[in-house]
Amino acid sequence: MLLLALILVGAALIVVVRRLQAHRQAVAALRDALVARRALLREDLPGSLGPCWDELCGTAGELVAEVNRLDRQHSGQLAQLEATLGALQEAVLLIDAHNYVLLANPAFHAIFPKAGRILGERLELALHSDAFLRHVAAVREGKGRPREEIEFVDSRGSTWLEVTGSPVAALGGERGALLFVLHDITRQKRLENVRKDFVANVSHELRTPLAVIKGYVETLVDSHDTMPLADRDKFLKTIQRHADRLNSLLEDLLVLSRLESAQHGLARERVDLGRLLHDALEDFRARPESAGHRLSLSVDEAVPPILADPLKLGQVVDNLVVNALKYTPAGSRIAISARIRDADTVELAVRDDGPGIPESDLPHIFERFYRVEKGRAREKGGTGLGLSIVKHIVQLHGGKVWAESKPGAGTTFFLTLPISAAKKAAPASSATPAS
Ligand code: ADP
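Residues numbered from 1 in each chain as written. Predicted model: local features only at pLDDT ≥ 70, side-chain atom pairs only at ≥ 80, totals over all residues. Heavy atoms only, no water.

### Focus: the domain arrangement of the protein
Interfaces are often sized by the amount of accessible area the parts lose when they come together. In terms of domains, the protein is made up of domain 1 (13–79), domain 2 (88–184), domain 3 (190–260) and domain 4 (269–418). Each of domain 3 and domain 4 was reduced to a C-alpha centroid, and the two centroids are 27 Å apart. If you look at the interface, domain 3 gives 14 residues, while domain 4 gives 14 residues. Carbon and sulfur atoms make up 65% of the surface buried where domain 3 meets domain 4, a total of about 1400 Å² over both sides. Among the ionic pairs, Glu-205 bridges to Arg-371, the shortest N-O distance being 2.9 Å. (Domains from an automatic or database assignment. Contact = heavy atoms within 4.5 Å. Buried area = accessible area lost by both parts, 1.4 Å probe. Salt bridge = Lys/Arg side-chain N within 4 Å of Asp/Glu carboxyl O.)

This is the structure:
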């Protein structure tokens, strides 16, 4: 009896263990099918399972089919979006509810070449910009400003972007996706800064002479009757000096603004450089400020006529020689020369043996309002605009200008001008239209 009972219990145990194994196999098969997103067929399962597994297989199959359908729809929409946004000039970025990147168009990659394989990356890791992440969070909360200007800084420098972000309502099964349109405004920002700097510089330059003139005029008005004649004379001369400075500044500003205006080109004609330099030198020799200096001219005979604007070229020579006179002590030598540099180019040089320009200042002297020794240059009546006018005119002619200097050993300003156009040009008398 006991033996029979033991046999029955043993048989029951075997059945239970087999059932358990079958269920375990079925669960593993179901898991594999769900991971692979395919339907689980009844035939894939051991036969000994109950009817509840039929139901489970059916429901799992429907679920997988729905997920696959949504997935296809989603990828289809993304592909469609990608194709549409790919052609846009604006950079576009699409992220999901957890800030993972779903899409970035080619314009985006052009702005952020270092972002590399951004697709599928978390935004926090792909773009290191706290300001942009704050904007993303604000857009998510519905508090984002419609347009925000954000600066992105990396090893290449800074890039300014105007960012517009908005939630995307229907993107397949994707909830909480956000779309950002990024417009590169770095150039505008730079121009804006240049303009701000320029206005600040001009105001600063105007303020000093105006303040001096105002102060002296007020003193003259107040003490007109009591002031000794000698003092009055001194005051008036100071006013005159500062008025002259204001005048030079406004004249230089006008020249620069004319040079920069798009309509204003060059009145080019065939120019005999030797003649132009010779006339300029004669003018200088007649001026009192060059009395203590030794001026010389050497023009290579082979230098051909060039096609240039003689008035503007004259202004270039004038600015360079005036500087050489201003910044070298009496008795210094100033040598002007012209030679053929190569088949297409002539080179002009204005060399002095004055104190020279420190190496650290050399790269900046052609910038507007840049002066090496600010106080001294102002004292000498400099506006800080002379060399930027020179650079502008030379560049309009298609040439280059640079300076070489060693402190204590003088400075040489070189400029190159193309000659090829003049060779083909009409005879000397015929002026050509502005370039
Ligand atoms: P500025 O009107 O002050 O002369 P520029 O633009 O003509 O302005 O020149 C810029 C600065 O370059 C000057 O302030 C001066 O310090 C320096 N510089 C120009 N030419 C010479 C030169 N030949 N020798 C020494 N320094 C010079």
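### Details of the pattern of salt bridges
Overall, the coordinates contain 16 salt bridges when judged by the stated rule. The closest approach of N and O atoms between Glu-141 and Lys-143, which form a salt bridge, is 3.4 Å. For Lys-143, a relative accessible area of 63% puts it in the exposed group. Where Arg-287 meets Glu-289, a salt bridge forms, and the shortest distance between an N and an O atom there is 3.5 Å. Here Glu-289 falls in the partly exposed class, since its relative accessible area comes to 42%. Put simply, Arg-287, Glu-289 and Asp-318 are held in one network by salt bridges that share partners. (Buried < 20%, exposed > 50% of the residue type's maximum accessible area, 1.4 Å probe, protein only.)

### Some points on the site of the ligand
By nearness alone, 20 residues border the ligand, and Asn-323, Tyr-327, Thr-383, Gly-384 and Leu-387 come closest of all. Within the side chain of Tyr-327, one N or O atom sits 2.7 Å away from an oxygen atom of the ligand. Between the ligand and the protein, one listed contact pairs a nitrogen atom with a side-chain N or O atom of Asp-352 at 2.9 Å. Within the residue set of the shell around the ligand, elements represented by two or more residues are helix H9 (310–326), helix H11 (386–396) and strand S12 (411–418). Top contributing element to the shell around the ligand by residue count: H9, with 3 residues. For the shell around the ligand, the per-class residue count stands at 10 nonpolar, 7 polar and 3 charged. (Near = heavy atom within 4 Å. Polar contact = N/O pair within 3.5 Å; in protein donor to acceptor, adjacent residues only side chain to side chain. Helix = DSSP H or I, 4+ residues; strand = E, 2+ residues; numbered from the N terminus. Nonpolar A, V, L, I, M, F, W, Y, C, P; charged D, E, K, R; others polar.)

### Examining the pairing of strand S3 (residues 148–154)
Pairing of S3 with strand S4 (residues 157–167), which is carried by 7 bridges, proceeds in the antiparallel orientation. Looking at S4, one finds that Ile-150 is bridged to Leu-161. The hairpin formed by S3 and S4 contains 2 residues between the paired strands. (Pairing = 2+ DSSP bridges.)

### Looking at the nonpolar core
Ile-306, Leu-320, Val-321, Ile-365, Phe-413 and Leu-415 are the most contacted members of the largest nonpolar core, which totals 47 residues. Here the element with the most residues in this core is H9; it accounts for 7 residues. When we break this core down by domain, the ones giving at least three residues each are domain 3 (190–260) and domain 4 (269–418). Apart from residues lying up to four places away in sequence, Leu-320 is in contact with Val-350, Leu-387, Val-390, Phe-413 and Leu-415. Counting residues in hydrophobic clusters, the runner-up holds 23 residues, among them Ile-95, Ala-107, Phe-108 and Val-139. (Core = buried A, V, L, I, M, F, W, Y, C linked by side-chain atoms within 4.5 Å.)

### Quick look at the packing of aromatic side chains
One pass over the full model with this rule turns up 8 aromatic pairs. Plain terms: the ring middles of Phe-132 and Phe-180 are 5.3 Å apart, the flat faces sit at 70° to each other, and that makes the pair edge-to-face. Of this pair, Phe-132 sits in helix H5 (residues 130–140) while Phe-180 sits in strand S5 (residues 178–184), placing them 48 residues apart in sequence. Look at Phe-180 and you get buried, because its relative accessible area is 0%. Their ring planes at 80° and their centres at 6.2 Å tell us that Phe-366 and Phe-413 sit as a pair that is edge-to-face. With Phe-366 in the loop between strand S10 (345–352) and helix H10 (374–379) and Phe-413 in strand S12, the pair connects residues that are 47 residues apart, well separated along the chain. Across the pair, Phe-413 and Phe-366 agree in class, each one buried. (Phe/Tyr/Trp six-rings, centres within 6.5 Å; stacked < 30°, edge-to-face > 60°.)

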